[in-house]
Amino acid sequence: MMNKTFFAPWIKLSYLHLWNEIGRLKQKLITQFADRNTKIISTKNCQSVEMYFNSEKMEKTIGRVAEKTPEVGETVNGLLVKKAFTYQIMALDDLHVFSQLSTTNISQRITIAYTGAFGVLKHRLKQIFESVESLPDEESEGRAFGVHERLTVKYE
């Protein structure tokens, strides 16, 4: 009979991240990794996750990110770009200056028929996403909200 394990016993995991709150799989993995120092995290889609690793890596801040020296414990916001074996942290606007990469914005409009109550839709999206905020919209009489400042849902 074959041993039904998810991971080979020699794999040394510090963190294992599961999306969409997979309950039974999470319980099975907790049982399997009970004798190790492995943290098993289960989150909803688009929920922020912080993980801390002990390995040493050196990143170089460049561009606008490097203009101000951060205080101890202060968070540095930027893009982490890996080139060969070096890491650089830069502002989004500096990406095209310090690398061959570029960014673009994509706008798309999708119309989906929904027959349920608009408030129920907003409530369900709040259960899935961290940031759901009401938006002022004259055309839809205040019945609009934004999701993570990237998606706008309007009642038409």
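For the structure itself, look to the data block above.
Quick look at the structure, then. Remember, predicted model here, so these are calculated numbers, not experimental data. (Residues numbered from 1 in each chain as written. Predicted model: local features only at pLDDT ≥ 70, side-chain atom pairs only at ≥ 80, totals over all residues. Heavy atoms only, no water.)

## Considerations on the nonpolar core
Then step 1. In this structure, Phe-118, Leu-125, Phe-129, Val-132, Phe-145, Val-147 and Val-153 together form the largest nonpolar core, which totals seven residues.
Then step 2. Those elements that place two or more of their residues in this core are helix H3 (118-128) and strand E7 (144-147).
Then step 3. Sequence-distant contacts of Val-153, defined by excluding residues within four places in its chain, comprise Phe-118, Leu-121, Leu-125, Arg-143, Ala-144 and Phe-145. (Core = buried A, V, L, I, M, F, W, Y, C linked by side-chain atoms within 4.5 Å. Buried < 20%, exposed > 50% of the residue type's maximum accessible area, 1.4 Å probe, protein only. Helix = DSSP H or I, 4+ residues; strand = E, 2+ residues; numbered from the N terminus. Contact = heavy atoms within 4.5 Å.)

## Structural notes on the environment of Ser-134
Then step 1. By the secondary structure assignment, Ser-134 is in strand E6 (residues 132-134).
Then step 2. A distance of 2.4 Å separates polar atoms of two side chains, one belonging to Ser-134 and the other to Lys-122. (Polar contact = N/O pair within 3.5 Å; in protein donor to acceptor, adjacent residues only side chain to side chain.)

## Some points on the pattern of salt bridges
Then step 1. Scanning all chains against the criterion turns up three salt bridges.
Then step 2. Between Asp-93 and Arg-64 there is a salt bridge, with its nearest N and O atoms 2.7 Å apart. Residue Asp-93 is located in the loop between strand E5 (86-90) and helix H2 (95-98), and its partner Arg-64 is located in the loop between strand E3 (59-61) and strand E4 (79-83); the two are separated by 29 residues in the primary sequence.
Then step 3. A relative accessible area of 47% places Asp-93 in the partly exposed class.
Then step 4. With its nearest N and O atoms 3.9 Å apart, the salt bridge here joins Asp-94 to Arg-64. Remark: Arg-64 occurs in the loop between E3 and E4 and Asp-94 occurs in the loop between E5 and H2; sequence separation between them is 30 residues.
Then step 5. Overall, Asp-94 belongs to the buried group, its relative accessible area being 9%.
Then step 6. You can call Arg-64 partly exposed: its relative accessible area is 43%. (Salt bridge = Lys/Arg side-chain N within 4 Å of Asp/Glu carboxyl O.)

## A word on the pairing of E7
Then step 1. By the alternation rule, side chains of E7 split into Ala-144 and Gly-146 and Phe-145 and Val-147, which are all buried.
Then step 2. Here E6 runs beside E7; their pairing, made up of three bridges, is antiparallel. What sits directly across from Ser-134, in E7, is Phe-145.
Then step 3. Bridge analysis of E7 against strand E8 (residues 151-154) gives four bridges, and the strand direction is antiparallel. When the bridges of E8 are listed, Ala-144 appears paired with Lys-154.
Then step 4. Connecting E7 to the antiparallel partner E8 that follows it, the hairpin turn spans three residues, and His-148 within it adopts a positive phi of roughly 55°. (Pairing = 2+ DSSP bridges.)

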